[in-house]
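Analysis of the macromolecular model
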Amino acid sequence: VHCLDEDFEAAAEVIMESGDKAASYYLAQQHERANRTNEAIDFYSRAGRYNHAVRLAQKSGLDNDLMRLSVMSSKDTMVSSARYFEAKGDMQQAVTLYQRAGSVAKALNLCFRARLFDELRQIADTIAEDAAKGKPGTDPETLAKCADFFVQHKQHEKAVHMYVMGGRIGD
């Protein structure tokens, strides 16, 4: 009723008190139609509709909001946001999102191309931990590939760490 009267402040108060997700979604749509992007993003988030909030953040170039919202969203939405950051040249954000979405190979390739040593080590550490726990989909050879990359770029301390994590101490 408040939305029909265009009393969005009253509508927001009702939503804050009730926590109703459907009402949050409806109010977010009203804000989006009126080009009140920040308010729309906020209410889409409250409604748990992160894909809509992410879409608006991308469209508006609100990269800080985009990153925050993307990590709370689905894997598909994370990959979409990772592609957005990759296209903008923000490889660190792209790597983080690809990794969180489970696209570890893509994250590693970006690390290699962009020479993101710290991110590469973080991913390799995660792979090593997963391999130690016997999680499927982990590849100890990936650690050796990471170590070789570190050696090529004179990051010897990181290379040694990767070889040890991969159980290739004699290398």
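Quick notes on the rules
- Residues numbered from 1 in each chain as written.
- Predicted model: local features only at pLDDT ≥ 70, side-chain atom pairs only at ≥ 80, totals over all residues.
- Heavy atoms only, no water.
- Buried < 20%, exposed > 50% of the residue type's maximum accessible area, 1.4 Å probe, protein only.
- Helix = DSSP H or I, 4+ residues; strand = E, 2+ residues; numbered from the N terminus.
- Salt bridge = Lys/Arg side-chain N within 4 Å of Asp/Glu carboxyl O.

What to know about helix α8 (residues 104–114)
Every α-helix winds through 3.6 residues per turn, so residues three or four apart in the chain are directed the same way. Listing the buried residues of α8 in full gives Ala107, Leu108, Leu110, Cys111 and Phe112. Within two residues after α8, arginine 115 carries a phi angle of roughly 55°, on the positive side.

Considerations on the pattern of salt bridges
Inspection of the entire model under this criterion finds six salt bridges. A salt bridge links aspartate 63 to lysine 88; the nearest nitrogen and oxygen atoms lie 2.5 Å apart. One end of the pair, aspartate 63, is in helix α5 (residues 63–70); the other, lysine 88, is in helix α6 (residues 75–88), and 25 residues separate them in sequence. Across the salt bridge formed by glutamate 86 and arginine 113, the nearest N and O atoms sit 3.3 Å from each other. With glutamate 86 in helix α6 and arginine 113 in helix α8, this pair connects stretches of sequence that are 27 residues apart. Connected through salt bridges with shared partners, the residues Glu86, Lys106 and Arg113 form a single ionic network.

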